[in-house]
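Fold and contact review
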Amino acid sequence: MYRIAVLPGDGIGVEIVPEAIKALQAVGKKCGHQYQFTEALIGGAAYDAVGHPLPAATLEICRQSDAVLLGAIGGPQWDDLPVHLRPEVGALLPLRKELGLYANLRPCLLFPGLLQASTLKEEIITGVDLIVIRELTGGLYFGAKSREKTLDGGEKATDILSYSTYEIERIVRFAYKVARQRRRQLCSVDKANVLESSRLWRETVTRLASEYPEVETTHMYVDNCSMQLIRYPRQFDVIVTENMFGDILTDEASMLTGSIGMLPSASIGGQVGLYEPSHGSAPDIAGQKKANPLATILSAAMMLRYSFELESEACLIEAAVRQVMADGYRTPDLMEEGKTLVDTVQMGDLVQEMIMKN
Ligand code: IPM
Ligand code: MG
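Since the model is a prediction, treat every value here as computed from it, not as a measurement.

Remarks on the overall build of the chain
- Tallying secondary structure elements over the chain gives twelve helices and 14 strands in all.
- The C-alpha radius of gyration computed for the chain amounts to 20 Å, which stays within 12% of the reference 21 Å derived for 358 residues, consistent with globular compactness.
- Principal-axis analysis of the C-alpha atoms gives the chain an extent of 60 × 50 × 40 Å.
- The buried share of the chain, reckoned over its 358 residues, is 53%.
- Restricting the contact set of the chain to residue pairs at least 6 apart, pairs at least 24 apart contribute 75%.

Concerning the packing of helix α8 (residues 222-231) against helix α9 (residues 243-254)
- Closest axis-to-axis distance for the α8/α9 pair is 10 Å, and the angle between their directions is 15°. In terms of their interaxial angle, α8 and α9 are classed as roughly parallel. Judged by the sense of rotation from one axis to the other, the crossing of α8 with α9 is right-handed. Side by side, α8 and α9 meet where Val222, Cys225, Ser226, Leu229 and Ile230 of the first sit next to Phe245, Leu249, Glu252 and Ala253 of the second.
- Here the residues of the contact of α8 with α9 are counted per class, giving seven nonpolar, one polar and one charged.

Thoughts on the state of the cysteines
- By the definition in use, this model includes zero disulfides.
- There is no disulfide at Cys187, and the cysteine sulfur nearest it, in Cys225, is 5.7 Å away.
- By relative accessible area, Cys187 is classed as buried at 5%.

Topic: the domain arrangement of the chain
- Partitioning the chain into domains gives domain 1 (1-106 + 258-358) and domain 2 (118-255).
- Taken together, the 15 residues of domain 1 in the interface contact 18 residues of domain 2.
- Between domain 1 and domain 2 the total buried area reaches about 1700 Å² when both faces are included, carbon and sulfur atoms providing 64% of it.
- Viewed at the interface, domain 2 and domain 1 are joined by zero salt bridges.
- Taken together, the links from domain 1 to domain 2 amount to five residue pairs in polar contact (both at pLDDT 80 or more).
- Put simply, the parts of the chain that give the side of domain 1 that touches domain 2 at least two residues each are α4 (87-98), β4 (103-109) and β11 (264-268).
- Among the elements that make up the side of domain 1 that touches domain 2, the one with the highest residue count is β4 (four residues).
- Class assignment of the residues belonging to the side of domain 1 that touches domain 2 gives a composition of eight nonpolar, four polar and three charged.

So, the sheet that holds strand β2 (residues 35-39)
- The ten strands are arranged β2-β1-β3-β12-β11-β4-β5-β10-β8-β9 in an open sheet whose pairing can be described as mixed. Looking along the sheet, the strands with just one partner apiece sit at the ends: β2 and β9 (216-221). Between one strand and the next, the sheet's axes are offset by a mean angle of 20°, whatever the strand orientation.
- As paired strands, β4 and β11 are joined by three bridges and run antiparallel to one another. Bridge pairing in β11 places Leu105 opposite Ala266.
- Contacts from helix α3 (residues 56-63) reach β1 (2-9), β2 and β3 (67-72) within the one sheet, and its direction differs from that of β1 by about 145°.

Rules of the game
- Residues numbered from 1 in each chain as written.
- Chains lettered and ligands numbered in written order.
- Predicted model: local features only at pLDDT ≥ 70, side-chain atom pairs only at ≥ 80, totals over all residues.
- Heavy atoms only, no water.
- Helix = DSSP H or I, 4+ residues; strand = E, 2+ residues; numbered from the N terminus.
- Rg over C-alpha atoms; globule rule 2.2 N^0.38 Å.
- Buried < 20%, exposed > 50% of the residue type's maximum accessible area, 1.4 Å probe, protein only.
- Contact = heavy atoms within 4.5 Å.
- Axes fitted to C-alpha atoms, helices over the stretch in contact; angles between N-to-C directions.
- Parallel < 35°, antiparallel > 145°, perpendicular 65-115°, else oblique.
- Left-handed = near helix turned anticlockwise from the far one by under 90°.
- Nonpolar A, V, L, I, M, F, W, Y, C, P; charged D, E, K, R; others polar.
- Disulfide = S-S within 2.5 Å.
- Domains from an automatic or database assignment.
- Buried area = accessible area lost by both parts, 1.4 Å probe.
- Salt bridge = Lys/Arg side-chain N within 4 Å of Asp/Glu carboxyl O.
- Polar contact = N/O pair within 3.5 Å; in protein donor to acceptor, adjacent residues only side chain to side chain.
- Pairing = 2+ DSSP bridges.

Structure representation (structure tokens):
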């Protein structure tokens, strides 16, 4: 029995999470696994209900689970709350920190039939298969923040960016292990020409590289990496980078897959893994059944793989998504001529049926 905490959150979160649950249930039925789903409040929905975006009860439910499935959080109605009550800073970041989720995995895999959906040329994205490993509990996101008044009547705002050897080693070793199981190329991304934290990052990677001789290690500045990702993305296998660079690069990399609606994510490193789509709560399309549930469904596949070590079950979901795409079904974000338009629930149904059928 796998215990899964379910946190739908805000916006399209409440629409896409049930579709991922359907996929998990189909796999369970087919392969004889059982789950216990426990739903809990997070984000703006939690703030509205109980006055805090990450209620203690939610954190406890997550801690008592084997894995967490999260939809999305945030929305314009909560943007003006005091910072510590806003869904992003008040819920998502502390959740990552509290659960010790230092490694965020965002794989960019191309699905058949999506080549034309990308804003990039087909010949650029054909054959792309990369994964970004983003450090998730350090750096600017978690450094001390302050504001002070200045003599000229203005203000000064500060965010501290620091990384310790321990934090860097931990994520880099993790990335080497992933690279060893893939094409054995690790590209470490930093800004060592300017930032001290990046110089420690690069020195640490260089030192560890000798322990993993079977993996080819390269270094790249983050500005160059953002350019290389759209110039020649096939050059990448595994990218490892710090928190903020990883946040930015993964939004960019999502366009290699055709839509950010296709990019799953797994956050691991602690006792309990967290699985969520890389996209946000999309308030503009919330409640209209237009959201693409596939990133969340693919995140559920990552849960099977990384939290439960059910590799073939994970592949079952991924294969079903691939087949449904190949059959020409599309949510509005990926719709193009000659394809069949479906809504969020229909897409979930299609994947569920495909899992049962395969
Ligand atoms: C992400 C998101 C979050 C982040 C936001 C919502 C705080 O952009 O998971 O990439 O910056 O980490
Ligand atoms: Mg982001």
